[in-house]
Amino acid sequence: MTTPESGEMAEYGEGRTGTSELEPAQPVGDPIPDPGPAPPAERMTDIDLKAEQRVERQVASMFGLASLLILAFLVAFVIFPLTTDDGGAVDVGAVRVSNVALGVTLGLALVLIGLGAIHWARKLMTSKMVIHERHQLRSTDDVRAETLADFELGTAESTFGRRKMIRNSLIGAMALLPLPAVFLLRDLGPAPGGVKKNTLWDTGVRVVHDRTFAPIRPSELQVGSLVVAMPENFEELPHEGPERINQRAKSPVFLIRIDPDDLRIEEGRENWQVDGILCYSKICTHVGCPITLYESDTHHMLCPCHQSTFNLADAGEVIFGPAARPLPQLPLAVDEEGYLIAQSDFVDPVGPSFWEMNT
Amino acid sequence: MTAISARRRHPLAAAVVLFVTLVVLGGLYAVLAPASQASSEASSTQIEEGRQLFAIGCSSCHGLGGEGQVRDDGTVIGPSLIGVGAAAVDFQVGTGRMPAGAPGAQISRGAVQYTDDEIAALAAYVASLAPGPEIPGAAAVDPDAGDVARGGEMFRTNCAQCHNASGQGGALSYGKYAPALQGVTPTHIYEAMLTGPQAMPVFNDQTLTPEDKRDIIAFLKSIEDEPNPGGFGLGRIGPVSEGLWGWLLGIGALIGTAVWLGAKRS
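All of the points below concern the structure found in this document. (Residues numbered from 1 in each chain as written. Chains lettered and ligands numbered in written order. Predicted model: local features only at pLDDT ≥ 70, side-chain atom pairs only at ≥ 80, totals over all residues.)

**So, helix α8 (residues 148-158) of chain B**
- Residues of α8(B) that are buried: B:G151, B:G152, B:M154, B:F155 and B:N158.
- For α8(B), the secondary structure elements touched by its buried residues are β4 (226-231) of chain A together with α9 (160-163) and α11 (210-224) of chain B. (Buried ≥ 20, exposed ≤ 12 C-beta atoms within 10 Å, placed from the backbone. Helix = DSSP H or I, 4+ residues; strand = E, 2+ residues; numbered from the N terminus. Contact = placed C-beta atoms within 7 Å.)

**Some details on the sheet that holds strand β5 (residues 253-257) of chain A**
All names here are of chain A.
- The antiparallel open sheet is built from four strands, whose spatial order is β3-β4-β5-β6. Looking along the sheet, the strands with just one partner apiece sit at the ends: β3 (207-209) and β6 (277-281). Each neighbouring strand pair of the sheet contributes to a mean axis angle of 40°, computed without reference to strand direction. (Pairing = 2+ DSSP bridges. Axes fitted to C-alpha atoms, helices over the stretch in contact; angles between N-to-C directions.)

**Side note on the packing of helix α10 (residues 186-195) of chain B against α11(B)**
Residues and elements named next belong to chain B.
- Relative to each other, α10 and α11 sit at 135°, their axes nearing to 10 Å. Between α10 and α11, the crossing angle belongs to the class labelled oblique. Crossing of α10 over α11 shows right-handed handedness. Residues P186, I189, Y190 and M193 of α10 touch α11, and the partners they reach there are K213, I217, L220 and K221. (Parallel < 35°, antiparallel > 145°, perpendicular 65-115°, else oblique. Left-handed = near helix turned anticlockwise from the far one by under 90°.)

**Comments concerning the pairing of strand β10 (residues 317-320) of chain A**
All names here are of chain A.
- Bridge count between strand β9 (residues 309-311) and β10: three bridges; the pairing is antiparallel. By the bridge assignment for β10, F310 is matched with V318.
- Connecting β9 to the antiparallel partner β10 that follows it, the hairpin turn spans five residues, and A315 within it adopts a positive phi of roughly 60°.

**Considering the environment of B:Q92**
Residues and elements named next belong to chain B.
- Along the chain, the position of Q92 falls in helix α6 (residues 85-94).
- Separated by 99 residues in sequence, Q92 and E191 place their C-alpha atoms 9.3 Å apart.
- Once you skip the residues sitting within four places of it in the chain, Q92 turns out to touch R97, M98 and P197.

**Side note on the interface of chain B and chain A**
- Counting residues at the interface gives 24 residues for chain B, matched by 27 residues for chain A.
- When contributions to the side of chain B that touches chain A are tallied by element, the ones reaching two or more residues are α8 and α9 of chain B.
- Per element, the largest residue contribution to the side of chain B that touches chain A is four residues, and it comes from α8(B).
- Class assignment for the residues of the side of chain B that touches chain A results in ten nonpolar, eleven polar and three charged. (Nonpolar A, V, L, I, M, F, W, Y, C, P; charged D, E, K, R; others polar.)

**Here's the deal with the packing of helix α3 (residues 49-79) of chain A against helix α4 (residues 97-123) of chain A**
Residue and element names in this part refer to chain A.
- At a minimum axis separation of 8 Å, α3 and α4 run at an interaxial angle of 165°. With respect to α4, the axis of α3 lies roughly antiparallel. Considering only the axes of α3 and α4, their crossing is left-handed.
- Its residues assigned to classes, the contact of α3 with α4 comprises 21 nonpolar, four polar and one charged.

**A few points about the nonpolar core**
- By size, the foremost hydrophobic cluster in this structure holds 86 residues, and its most contacted members are A:V207, A:A229, A:F254, A:L255, B:L122, B:A123 and B:V126.
- The greatest single-element share of this core, amounting to nine residues, is contributed by helix α7 (residues 116-129) of chain B.
- Contact partners of A:F254, with chain neighbours within four places excluded, come to A:L226, A:V227, A:V228, A:A229, A:Y280, A:K282 and A:T292. (Core = buried A, V, L, I, M, F, W, Y, C linked by C-beta atoms within 7 Å.)

**Some thoughts on unusual backbone geometry**
- The amide bond that connects B:M98 to the next residue, B:P99, takes the cis arrangement and shows omega of -5°.
- As for its placement among the helices and strands, B:P99 is situated in the loop between α6 and α7.
- Even without glycine at this site, A:R211 takes up a positive phi of about 75°.
- Secondary-structure assignment places A:R211 in the loop between β3 and β4.

**Focus: the environment of B:A100**
- On the secondary structure map, B:A100 appears in the loop between α6 and α7.
- Along the chain, B:A100 and B:C58 lie 42 residues apart, while their C-alpha atoms are 9.4 Å from each other.

Written out as structure tokens, the structure reads:
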């Protein structure tokens, strides 16, 4: 703490000679010394009186023009109406005449004031180079000694070092203090249950057109068709509140019809389709973007966010991109009235994967 | 008027009213309905003309009878055109996609190679192979008759995922793309939905009713006419391009100013 000045310089100023604080430090062994900053070049305005007067006129006319534009702004504010007498808009192109006039006058005035100030500073104001020395960050020796003495006096007067029972019991209390926080963070209320795994789909829920909410017959789809669909019970949800928004994000599906000859059906999903009509979740299994970029000739479904590509003719397997698991398929059936319905909820959870997915 | 009302109890009045009504209805039907009737009537010479054009311009890929050609290894040289209907021909040839210039990931729009009459003849010939989607009438694709707001909802639900919310188009996989929809005629938009060309899914009249399609066309035509208040549309792809321009121009101008201010005086 009380190392002499020169010793500290040697300690921190590695590779520097440190002969004088004011001279720029030199790398050891550099044959060409740093010449330092070049002296400022003389400007035309410094040596030519005419140039100086010209710049003076330029700056003054910029400021003067700015004054005129500010006055023009006030005039424009008064004379350009927003609407004509019969209520029509006064436009030039697609913009109000008034907006154009106000914006151009005030904007140009501000730009001219700025340009004039910069021009003035660069061409006319003096430009001597001034070096400000930085003071040392280290406190002076007597301040440091006083601080240490105060600290030691405080330690002695508080009897912290002497009364070991108090000290140890305090350390014990402080060590236990984080435990309530750990317990609170461990239990953030009731577990979400099946909310991530379940959607509105259930046994017998009809598949309906999104937007029109009309039920769908298998005969409406031909090979190559794509229908964006929702569960019929979505319309029964209250229009206010989070449930509708959550289900809008979780429950959308799409229907496609593929020639059964082109289809590879996964084991256990033999009766999930109706004559080549398949129903998949519309929510990408990567980070949950809605996807219906369907290429009907290759049966690929592309996610526009990160280019995950799913082969819908092959049980929704991922064939490209960052998605880690296939697109969940909804088991389809037909009810007695001939409309498409769900056999059950999704077997695999829809949307992005999560830790407790397989528990 | 009094002359008519004086005779309204005449024994022949009912018969006259019935006759006039029938004439009016029949006349209206003759004016409004028979467009498709006429086109399928006016066919035998048109079909023959189409068959000859097809044999010259299309059969090298699609086969002499439109049955398509597939190599032994499964490569499709030209798909079968049996059952694709007149709408598919009118779309593919009318937008210059067919005859295809070169094979590739996707065949794009190009200069139209046939006159309207020749396209109609080709369409009549292909439609004669097997029944398929027909070319929509003028009333079915009239943008003025559609509901723009409803069309916007239908577009955003069914089309915007590939074609962008303002119809600017977008990229698909392996070099394919969804084309921009600006400047496409209403009839071609309708036919594309009806037939699902190339990678596009089919939206037949059951999954998207003719009314839905007309509303979508109305929406697309209305956003084509939208003014750009800033002077530039910036691709009309929303805040992304606007933000990018803000960053490039705004921050670029600030950096340029800072460099200028800090530059050595001369």
